[in-house]
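As a plain string of letters, each chain reads:
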Amino acid sequence: MGRPTIYDVAREAGVAPSTVSRAYARPGRVNADTADRVFAAADRLGYRVRPVRRSAGAEEVPHKAIALVIADVTNPFYGDIIKGAYEAARDAGYQLILSHTNESPRVERQTIEQELEQVDGVVIASSRMTDSALRMVARRKPVVLLNRIIPEANCVLNDAERGIKRAVEHLAELGHERITYVAGPETSWSDGVRWRALRQAAAELHLDARRVGPYGPTVLAGLSAALRVAELEATAVQAYNDQLAIGVLKGLRQLGIGVPEQVSVVGFDNIIFDELVEPQLTTIASPLYRMGFTGMSNCIAITQGARPSGQPLVLPVRLVVRRSTARVSGRRGRRGPSGPR
């Protein structure tokens, strides 16, 4: 059989060929469910977007470009990652092509499909795509994943398990017996890692651990989560990220609940705003600049012929204790477990 065409994909997906073409070329013009059907059909058939042909006689110029794909350009978590990746690319003489996917697996996939033939490799930070979709990308170009693991790609991540364990130990030392985890997006691989680490650390220290969410990784989502945290009468909160933690902190105080007098709050990432809020946020600090620089350097090395080790590179984290955590207060009591686990 020959190489699949858009007509084959259209027939497989039950749509018009023009719809397949728009799904790749103009994703915003195609219904999300229809686009998902098109991409699933393309996967089954092994369809690949053909690169744009150069005009006759045009000089062949090396791409010398790497795509950096992030979930949300407005999230300060990505600032140091972008800076590190940019400086690594610049040092190596490569162009960085930055894309923002608005926390959408569908947009992420469409974006990568559009860029794949114009770049030498792809660095994806906190991917929201499925493992199978990431494998398809990794078969076509060198891929480095930040904060995600699949065997087919080079992976760079923070030591979330160790960071969460240290945070739980810190809260236990302060006398807290119940910790509520405020979860991040359902599509976040890191969210699952952090929740499992918290449950394990809590079990080892005979603490009660429960989870609320999922929530978007934003301050506004944290404000919404604060009411649920208050209903559970938690004395300590570990949030998926700093933005959620800051929202919870502000929301609890709006409800008349003192932080840290009645509830201690811990974040994850150590973004710049942690020292600007009141009280300053205790958090698990990730080496974000180093992650971006290392991920980009590794991707460039692979495009130049280096062989990946096959093992993920795990970067150390540290607990930064500030004023949002304190010894447990008797004012919220120590009643038995309540609410959903």
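Shown above is the structure to which this text applies.
**Some words on the environment of S188**
Argument step 1. Here S188 lies in the loop between strand 6 (178-182) and helix 8 (189-204).
Argument step 2. With 26 residues separating them along the chain, S188 and P214 place their C-alpha atoms 9.9 Å apart.
Argument step 3. Excluding anything up to four places from it in sequence, S188 contacts R128 and Y240.
Argument step 4. There is a polar contact of 3.1 Å between the side chain of S188 and the backbone nitrogen of D191.

**Here's the deal with the sheet that holds strand 11 (residues 313-315)**
Argument step 1. The strand order across the open sheet built from 6 strands is 2-1-3-4-5-11, with neighbouring strands paired in parallel fashion. Among the strands making up the open sheet, the edge pair consists of strand 2 (95-100) and strand 11. Across the sheet, the axes of successive neighbouring strands diverge by a mean angle of 15°, strand direction being ignored.
Argument step 2. Sheet topology places strand 1 (residues 65-70) next to strand 2; 6 bridges connect them, and they run parallel.

**Description of the packing of aromatic side chains**
Argument step 1. In this structure the tally under the stated criterion is 3 aromatic pairs.
Argument step 2. Summarising the aromatic geometry, the rings of F77 and Y78 are spaced 4.8 Å apart at their centres and angled 75° between planes, so their arrangement reads as edge-to-face. In this pair, the class of F77 matches that of Y78, namely buried.
Argument step 3. An angle of 25° between the planes, with centres 6.1 Å apart, marks the rings of Y289 and F293 as stacked. With a gap of 4 residues between them, Y289 and F293 both fall in helix 11 (residues 288-303), about one helical turn apart.
Argument step 4. Across from the ring centre of F268, 3.8 Å away, lies the NZ or CZ of R194, which sits over that ring.

**Things to note about the nonpolar core**
Argument step 1. Among the nonpolar cores identified, the biggest contains 47 residues, and V182, L198, L252 and V265 are the most heavily contacted of them.
Argument step 2. Every element with two or more residues in this core is listed here: helix 7 (160-173), strand 6, helix 8, strand 7 (208-212), helix 9 (219-231), strand 8 (236-239), helix 10 (242-254) and strand 9 (264-269).
Argument step 3. For L252, the residues in contact, after removing those within four places along its chain, are A226, V229, A230, I257, V259, V263 and V265.
Argument step 4. Counting residues in each nonpolar core, the second largest holds 26 residues, with I70, I81, M296 and I300 among its members.

Thresholds, definitions, all that
Residues numbered from 1 in each chain as written. Predicted model: local features only at pLDDT ≥ 70, side-chain atom pairs only at ≥ 80, totals over all residues. Heavy atoms only, no water. Helix = DSSP H or I, 4+ residues; strand = E, 2+ residues; numbered from the N terminus. Contact = heavy atoms within 4.5 Å. Polar contact = N/O pair within 3.5 Å; in protein donor to acceptor, adjacent residues only side chain to side chain. Pairing = 2+ DSSP bridges. Axes fitted to C-alpha atoms, helices over the stretch in contact; angles between N-to-C directions. Phe/Tyr/Trp six-rings, centres within 6.5 Å; stacked < 30°, edge-to-face > 60°. Buried < 20%, exposed > 50% of the residue type's maximum accessible area, 1.4 Å probe, protein only. Lys NZ or Arg CZ within 6 Å of the ring centre and 35° of its normal. Core = buried A, V, L, I, M, F, W, Y, C linked by side-chain atoms within 4.5 Å.

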